[in-house]
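Residues per chain, in single letters:
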Amino acid sequence: MSSHQPLVLASAQAAGPCPVGEESVWQARVRALAVDLFVLGDVVARDVQRLSAATRFPATLLAVTVEESSTRGVLLLRNVSGELEPAIRTDRGDTDAGAAMIARAQALVGRRVLVYKEMEALASNPMHKARVVVHLMDLGPETEAIGEDEAKGHVLQVADGDKALALRAWQQASLPDRGPVTALQLGAALMCVPDLAQA
């Protein structure tokens, strides 16, 4: 048995029965599927390699923005200690993998996630590395409220200490003047900061 026979058999099964009189079309379909599966095997192998090398940590996903310059998604995460994680980015949004990760992250805002993170060397300077998310596992909704002082501190941190900007972002997101907020509410306020800063 050749090393590619299992691949051919899987492709033939995916193509379905060969219609009578259409053998050449069916064979071309099987060949195309075999090539696609072979290439997919390489892609999956690289993905598994990245996952196995990644470090993991649980966090609450508060917000996702997209950098215009790089097209990468930027995740705002609150770790289990209640602190904001340093910026962690997706692959470039103009790639299939990057676009898929951005969409997945946006769907998980306000939820607890297990973050798979790798350190990727920058193309412009291989000596410097950036934090890149390679997978997000959904751990369910975040049910813990975030205290007022902590939440306001996070908005102020994202606003680089600009109290007026932080207050405007808080109000823009319609957060209460007093009391705890949800992860979704905090995320909404954090998302307002860059928009208001550019206004």
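Residues numbered from 1 in each chain as written. Predicted model: local features only at pLDDT ≥ 70, side-chain atom pairs only at ≥ 80, totals over all residues. Heavy atoms only, no water.

Focus: the pairing of strand β2 (residues 72–79)
Here is the rule we go by: Buried, partly exposed and exposed residues are distinguished by accessible area as a fraction of the type maximum, computed with a 1.4 Å probe on protein chains only: under 20%, between the cut-offs, and over 50%, respectively. Runs of E in the DSSP output that reach at least two residues are strands. Runs of H or I that reach at least four are helices, and both are numbered from the N terminus. Two strands form a pair only when DSSP identifies at least two bridges running between them.
The element β2 is extensively covered by neighbouring structure, given that eight of its eight residues are classed as buried. Neither face of β2 is open: one carries Arg72, Val74, Leu76 and Arg78, the other Gly73, Leu75, Leu77 and Asn79, and all of them are buried. Where strand β1 (residues 55–66) hands over to β2, the hairpin turn is made up of five residues, of which Thr71 adopts a positive phi near 65°. Sheet topology places β2 next to strand β3 (residues 88–92); three bridges connect them, and they run antiparallel. Across the sheet, the residue bridging to Arg72 is Arg92, located in β3.

Points about the packing of aromatic side chains
Rules: Stacked, edge-to-face and tilted labels apply to pairs of Phe, Tyr and Trp rings (six-membered ring for Trp) whose centres lie within 6.5 Å, assigned for plane angles under 30 degrees, over 60, and everything in between, in that order. Working rule: Lys NZ or Arg CZ, within 6 Å of ring centre, within 35 degrees of ring normal, means a charge sits over the ring.
According to the stated counting rule, one finds zero aromatic pairs in the structure shown. Over the face of the ring belonging to Trp170 we find Lys152, whose NZ or CZ atom lies 5.4 Å from the ring centre.

Points about the pattern of salt bridges
Pairs may arise between side chains of opposite charge once their charged atoms sit close together. For clarity, the threshold we go by: Salt bridge, as used here, is a side-chain nitrogen of Lys or Arg placed within 4 Å of a carboxyl oxygen of Asp or Glu.
Here the structure, examined in full by the defined rule, presents nine salt bridges. A salt bridge links Arg72 to Glu120, with the shortest nitrogen-to-oxygen separation between them at 3.4 Å. Here Arg72, found in strand β2, pairs with Glu120, found in strand β4 (residues 111–121); they are 48 residues apart in sequence, far enough to count as distant. According to the relative accessible area criterion, Arg72 is buried, its value standing at 19%. Across the salt bridge formed by Asp94 and Arg92, the nearest N and O atoms sit 2.9 Å from each other. Overall, the relative accessible area of 34% leaves Arg92 in the partly exposed class. One salt-bridge network, held together by shared partners, links Arg78, Glu144 and Glu150.

A short note on helix α5 (residues 163–172)
As a reminder of what qualifies: By construction, the arc corresponds to the directions joining the helix axis to the C-beta atoms. Here a polar contact is recorded for every N or O atom pair within 3.5 Å, except that within protein the pair must consist of a potential hydrogen donor and a potential acceptor, and residues adjacent in sequence are included only if both atoms are side-chain atoms.
Among the residues of α5, those classed as buried are Leu165, Ala166, Ala169 and Trp170. An end-on view of α5 places all buried positions within 135° of arc, on one side of the element. Of the exposed residues in α5, the ones pointing more than 90 degrees away from its buried face are Lys163 and Gln172. You can read the cap of α5 off the contacts: a side-chain oxygen lies 3.2 Å from the backbone nitrogen of Ala164, and it is on Asp162. The first or second residue beyond α5 is Ser174, which carries a positive phi of 60°.

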